[in-house]
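# Per-entry structural report
Residue-level listing of the chains:
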Amino acid sequence: MNEPLKLKLFSVYGQLLNTKILKEAWKKVKANRGSGGIDGETIKEFEKEEDKHIEEILQSLKDRTYKPSAVRRVYIPKKNGKMRPLGIPTVRDRIVQQALVMRLEPFFEEKVFHDSSCGFRPNRDAELAIKKVMWNLEMGYVYIYDFDIKGYFDNIPHKKLMKVLNKYISDGTVLDMIWKSLKAGYMEDNILYETPKGQIQGGVASPLIANIYLNELDWELDKAGHRFVRYADDSIVMCRTPEELERAKKVVKETLEELGLELAEDKTDDIDFHDKDFDYLGFTFHHLRSNQKCGYETYYVAPSEKSLKKFRTDLKALTRKSFSKSFEQWREELNPVLRGKFNYFQICNRACKAVMAECRKRQMPCKATAYRRYEELDGYVRQRLRVNFANRGKRHAGVKDGKLMTVKYGNSFFRLTMKLVSGAYLAECIRRDISIEEFDAQQKTKKKNRCRNDARTKRFFEFAYAK
């Protein structure tokens, strides 16, 4: 933290005093949409007289009378059922923050940030993080320190954060602006609360500032010779031996103490990948198992149980049997949700394909295999819709009634006629170029081969037509 950087950022504030820069920032804020802050001004209202408002912002920056407003506190649900506090800045504050990020980000991307940091950075995402984890596993880094920082965003010490920022930015006006935004506070139930510490989530500059602060930990781990992957505050350190793992734990603990942060012990674990699974970014890495066919150990990567459970919960809420919609309405409502969820799940498939290609180049065996059971998820969506269709004109249609609807609404109906997004089809497209018609014909052939089992067919009809 105390090591100064030779090349610092100078005269950043002067670059903000430009109408073109502010208009470009406004376009990005407008594209991100979002609600208004404590002043109640929305994107649409700002847009009506955008030139006038941007000129007002520019003048306040030139006069140095600009002062960040408090943020509006809102809450969103977390995966564990708790609520996550967010802060919504005013539209004007978001424009100034966006302009500042546009000036700062290129410098930090080029000269400061570590390559193993993947979260909230341009051209970097969760897929890159999963690729890095899989590649490290291929290279034998199978002793893993999975640690979590206790309330990271809520507990960043302001003075220590400014000390880190001083290493990279020499423009006092910009540093003063960041300090004022940290101390602006938040408004909840018409009461203004102070923020003695922490970086409020929801602001445009919040991800960049959070990455700058944890970048100190990245380089301490790198200096000690450890491999790691970090996505925002979600980090894992990967080692070759148990002894190296113990050294890594010491580096993490000492650096976090220096940064004024604390480990969440209940979410921190040591993992020997030979016999223990671990979760990262919504995926489960199932531990190494001996494979008799290929003669070496392999591991399996799939969406975690929590992710799959949330998939079913969300789809169940969207497809209640009491809802009455046309096929076109169902398609318009479900396809964006299905596409988003399936594309995220298939990160592990795309990462596995990339890792396999790299292993092939190096003439080494690839241990990774990826999730392939997307047809089961497609089947769950079809089942929910068939029950809904069966409920038309009835009050208590159930699973059995939905099963009977398979004859009228087969799998091809959902793929070709209704044109629902299919996870199995998207997964097949990763492997090879194939049209939806070819994929449907392929699935029919597979089903025909499965149905040759007379005992299984008999059990199906006994269930479907049972009185």
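This write-up is about the structure you can find in this document. All values reported here derive from a predicted model rather than from experimental measurement.

## Quick look at unusual backbone geometry
Phi is positive for Asn 123, close to 60°, though the residue is something other than glycine. Of note, Asn 123 is situated in the loop between helix H5 (91-111) and helix H6 (126-138). Its identity as a non-glycine residue notwithstanding, Ala 232 has a phi of 60°, on the positive side. Tracing the sequence through the fold places Ala 232 in the loop between strand E6 (227-231) and strand E7 (234-239).

## Overview of the nonpolar core
The biggest cluster of nonpolar side chains holds 129 residues, and the ones touching the most others in it are Phe 108, Met 134, Leu 137, Phe 278, Tyr 280 and Phe 285. Here this core takes 10 residues from H5, the largest share from any one element. Those residues within four positions of Phe 108 in sequence are excluded, and the remaining contacts are Leu 9, Phe 113, Tyr 168, Ile 169 and Ile 212.

## Focus on the environment of Arg 240
Turning to its location among the elements, Arg 240 is positioned in the loop between E7 and helix H11 (242-258). Taking the relative accessible area as the measure of exposure, Arg 240 reaches 41% and is therefore partly exposed. Counting along the chain gives 162 residues from Arg 240 to Gly 402, while the straight-line C-alpha distance between them is 52 Å. With residues near it in sequence (within four places) discarded, Arg 240 still touches Met 139, Gly 140, Tyr 141 and Tyr 143. Within the local environment of Arg 240, its side chain forms a polar contact with the side chain of Tyr 141, the two groups lying 3.4 Å apart.

## A closer look at the pairing of strand E1 (residues 71-77)
The sheet contact formed by E1 and strand E4 (residues 186-188) spans 2 bridges and is parallel. Opposite Val 71, over in E4, you have Tyr 186 as the bridge partner.

## A look at the packing of aromatic side chains
Inspection of every chain in the model, using the stated rule, returns 24 aromatic pairs. Arranged with centres 5.5 Å apart and planes meeting at 65°, the rings of Phe 273 and Phe 278 form a pair that is edge-to-face. Aromatic rings pair up to connect Phe 311, Phe 342, Phe 345, Tyr 371 and Tyr 374 into one cluster. Arg 73 extends its terminal NZ or CZ atom over the ring of Tyr 186, reaching a point 3.8 Å from the ring centre. Geometry around Trp 330 places Lys 325 over its ring, the cationic atom sitting 4.8 Å from the centre.

## A closer look at the sheet that holds strand E9 (residues 278-280)
With mixed pairing, 4 strands are arranged side by side in an open sheet as E9-E10-E11-E12. Every other strand in the sheet has two partners, leaving E9 and strand E12 (368-370) as the edge strands with one partner each. Pairs of neighbouring strands in the sheet enclose a mean axial angle of 30°, with direction left out of account. Bridge count between E9 and strand E10 (residues 283-291): 3 bridges; the pairing is antiparallel.

## With respect to the environment of Val 101
Within the secondary structure, Val 101 sits in helix H5. As for Val 101 and Ile 209, which are separated by 108 residues in sequence, their C-alpha atoms are 9.4 Å apart. Discounting chain neighbours no more than four positions away, the residues touching Val 101 are Pro 106, Val 204, Ala 205 and Leu 208.

## Quick notes on the side chain of Glu 127
Among the structural elements, Glu 127 can be located in helix H6. Glu 127 sits in the buried class, given a relative accessible area of 16%.

## Observations concerning the pattern of salt bridges
Under the counting rule described, the total for this entry stands at 27 salt bridges. Of the charged contacts in the structure, one is a salt bridge between Glu 375 and Arg 382, with a shortest N-O distance of 2.5 Å. On the basis of relative accessible area, Glu 375 is assigned to the partly exposed category, the value being 24%. Between Glu 375 and Arg 415 there is a salt bridge, with its nearest N and O atoms 3.5 Å apart. Separated by 40 residues along the polypeptide, Glu 375 in helix H15 (residues 374-390) and Arg 415 in helix H17 (residues 411-417) bring together distant segments of the chain. Salt bridges linked by common partners bring Glu 375, Arg 382, Arg 415, Asp 440 and Lys 444 together as one network.

## Concerning H11
Here H11 contains 17 residues, and its C-alpha end-to-end distance of 25 Å stays within 8% of the 24 Å for a straight helix at 1.5 Å per residue. Among all positions of H11, only Glu 244, Leu 245, Ala 248, Val 251, Val 252, Thr 255 and Leu 256 are buried. The buried residues of H11 occupy an angular sector of 120° when the element is viewed end-on, so they sit on one face. Seen from the buried face of H11, the exposed residues on the opposite side, beyond 90 degrees, are Lys 250 and Glu 257. Of the surrounding elements, those touching the buried residues of H11 are strand E3 (143-148), helix H10 (206-223), E7 and strand E8 (269-272). Of the residues one or two after H11, Gly 260 is the one with positive phi, at around 75°.

## A closer look at empty space enclosed by the protein
One simple way to see leftover space: roll a probe sized like a water molecule over the atoms. By the definition in use, this model includes 4 cavities of 30 Å³ or more. If you add up the space inside the largest cavity, you get close to 310 Å³. The wall of the largest cavity is formed by 24 residues, among which Gln 97, Ser 181, Leu 182, Gln 199 and Ser 206 lie closest to the centre. Only H5, helix H9 (172-182) and H10 provide two or more residues apiece to the lining of the largest cavity. Tallied by class, residues from the lining of the largest cavity come to 13 nonpolar, 10 polar and 1 charged. Reported here for the second largest cavity is a volume of approximately 80 Å³. Taken together, Leu 338, Asp 378, Val 381, Arg 382, Phe 414, Arg 415, Leu 420, Val 421 and Ser 422 form the lining of the second largest cavity. Looking at the lining of the second largest cavity, the elements with two or more residues in it are H15 and H17.

## Observations regarding the packing of helix H13 (residues 327-345) against H15
Orientation of H13 relative to H15, taken along the N-to-C sense of each, is 160°, at an axis distance of 13 Å. It follows from the interaxial angle that H13 and H15 lie roughly antiparallel. Seen from above, H13 lies across H15 with right-handed handedness. For the pair H13 and H15, the contacting residues are Phe 327, Trp 330, Leu 334, Leu 338, Phe 342 and Phe 345 in the first and Tyr 374, Leu 377, Asp 378, Val 381, Leu 385, Asn 388 and Phe 389 in the second. When its residues are assigned to classes, the contact of H13 with H15 shows 11 nonpolar, 1 polar and 1 charged.

What counts and how
Within each chain, residue numbers correspond to sequence positions counted from 1 in written order. Since the coordinates come from a predicted model, pLDDT governs what is reported: local features require at least 70, and pairs of side-chain atoms require 80 or more to be given and counted, while whole-chain, interface and lining totals use all residues. For side-chain calculations, the full set of non-hydrogen atoms in the structure is used, while hydrogens and water are omitted. Under the scheme used here, helices are H or I runs from DSSP no shorter than 4 residues and strands are E runs no shorter than 2 residues, and both carry numbers assigned from the N terminus. By convention a nonpolar core is built from buried Ala, Val, Leu, Ile, Met, Phe, Trp, Tyr and Cys residues, the set being connected through side-chain atoms within 4.5 Å. Per-residue accessibility, obtained with a 1.4 Å probe over protein chains only, is compared with the maximum for each type, and a residue is labelled buried under 20%, exposed over 50%, and partly exposed between these values. Here a residue-residue contact requires only that any non-hydrogen atoms of the pair lie within 4.5 Å. Pairing of N or O atoms within 3.5 Å defines a polar contact, subject to two protein rules: one partner must be a possible hydrogen donor and the other a possible acceptor, and residues neighboring in sequence count only if both atoms are side-chain atoms. Whether two strands pair comes down to DSSP finding at least two bridges between them. Side-chain rings of Phe, Tyr and Trp, where Trp is taken by its six-membered ring, are said to pair if the distance between their centres is within 6.5 Å; with planes under 30 degrees apart they count as stacked, over 60 as edge-to-face, and otherwise as tilted. In this analysis the charged atom, NZ for Lys or CZ for Arg, is taken to sit over a ring once it is within 6 Å of the ring centre and within 35 degrees of the ring normal. A fitted line through C-alpha atoms serves as each axis, taken over the contacting stretch for helices, and the angle formed by two N-to-C directions is quoted from 0 to 180°. Throughout this description, the term salt bridge denotes a Lys or Arg side-chain nitrogen within 4 Å of a carboxyl oxygen of Asp or Glu. Here a helix's expected span is defined as the number of its residues, less one, multiplied by 1.5 Å. The directions considered for the arc are those from the helix axis to the C-beta atoms. A cavity here means a set of 1 Å grid points, computed over protein atoms only, where a 1.4 Å probe fits but cannot escape. A pocket is an open set with protein on both sides within 12 Å along at least 5 of 7 lines, and lining residues have an atom within 4 Å of a point. Grid points are joined across faces, edges and corners, and a volume is the space filled by probe spheres set on the points. Throughout this entry, Asp, Glu, Lys and Arg are counted as charged residues, while Ala, Val, Leu, Ile, Met, Phe, Trp, Tyr, Cys and Pro are counted as nonpolar. The remaining residues, Gly among them, count as polar. For this classification, under 35 degrees means roughly parallel, over 145 means roughly antiparallel, 65 to 115 means roughly perpendicular, and everything else is oblique. Take the far helix as the reference: if the near one is turned anticlockwise from it by less than a right angle, the crossing is left-handed, and if turned clockwise, right-handed.

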